[in-house]
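Examining the three-dimensional arrangement
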Amino acid sequence: MSAGFYKIFLKFMKVKYQKGLWLKGIPVIFNKQGAKMEFGRNVVIKSSFLSNLVGLYQRTIIVTRTPQACIRIGDNVGISGATVYARSRIEIGDNTCIGGNTKILDNDFHPLEIEARNADVKEKIGTKPVLIGKNCFIGCNALILKGTELGDGCVVGAGAVVSGKFEAGSMIVGNPAKVIKRV
């Protein structure tokens, strides 16, 4: 499938994108009917194995799963083999780099209570918006969990498991992630 054909497919799914959307490889992008998905100018989405030499395990996956979900990706954002999965809201600020194989999730995927999980009650899935500021850098294999807020200019180390609110300019590493210094 060519990038031009894929962009027609995006329009069919009511995905809004600005000039300069560059698809290297074929991502998996799905916008639930009624949900909002927007890409700013000059967004680069890498989904082929050799498009990022860190070694991508998968194509980039960007999905809204509920009619009220919203994904907004700012201008000049780069994404490599990452998963961005929203049931509520995920916002990624301008000039942010999302490293290879990163996962950004605003939800628990399944209910935490046994009965609700066994009955597959989707309304019981916990969600909280994820807000990533401008000029952030997220290292490869990071996991950004529901409710995370990264201020402008944050750096997330490779493999970090991030949950919580972090001030602008924080360098965040580890599992659980913590601030080790200011950038």
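The structure this text deals with has already been given above.
This is a predicted model, so every value here is computed, not measured.

**Some words on the environment of I61**
- Within the secondary structure, I61 is located in strand β6 (residues 61-64).
- Between the C-alpha atom of I61 and that of K103, which follows or precedes it by 42 residues, the distance is 9.3 Å.
- If we skip the residues at most four places from it in the chain, I61 touches V28, A82, T83 and V84.

**Quick word on the pattern of salt bridges**
- Under the defined criterion, the tally for this structure stands at eight salt bridges.
- A salt bridge links R89 to E91, with the nearest nitrogen and oxygen atoms 2.8 Å apart.
- Judged by its relative accessible area of 25%, E91 falls in the partly exposed class.
- With a closest N to O distance of 3.2 Å, E167 and R182 form a salt bridge. Placement of the pair is E167 in the loop between β19 (165-166) and β20 (170-174) and R182 in strand β21 (residues 177-182), with a sequence separation of 15 residues.
- A residue is classified by how much of its surface remains accessible, and E167, at 58% relative accessible area, is exposed.
- Among the charged side chains, a salt-bridge network with shared partners connects E38, R72, R89 and E91.

How each quantity is defined
Residues numbered from 1 in each chain as written. Predicted model: local features only at pLDDT ≥ 70, side-chain atom pairs only at ≥ 80, totals over all residues. Heavy atoms only, no water. Helix = DSSP H or I, 4+ residues; strand = E, 2+ residues; numbered from the N terminus. Contact = heavy atoms within 4.5 Å. Salt bridge = Lys/Arg side-chain N within 4 Å of Asp/Glu carboxyl O. Buried < 20%, exposed > 50% of the residue type's maximum accessible area, 1.4 Å probe, protein only.

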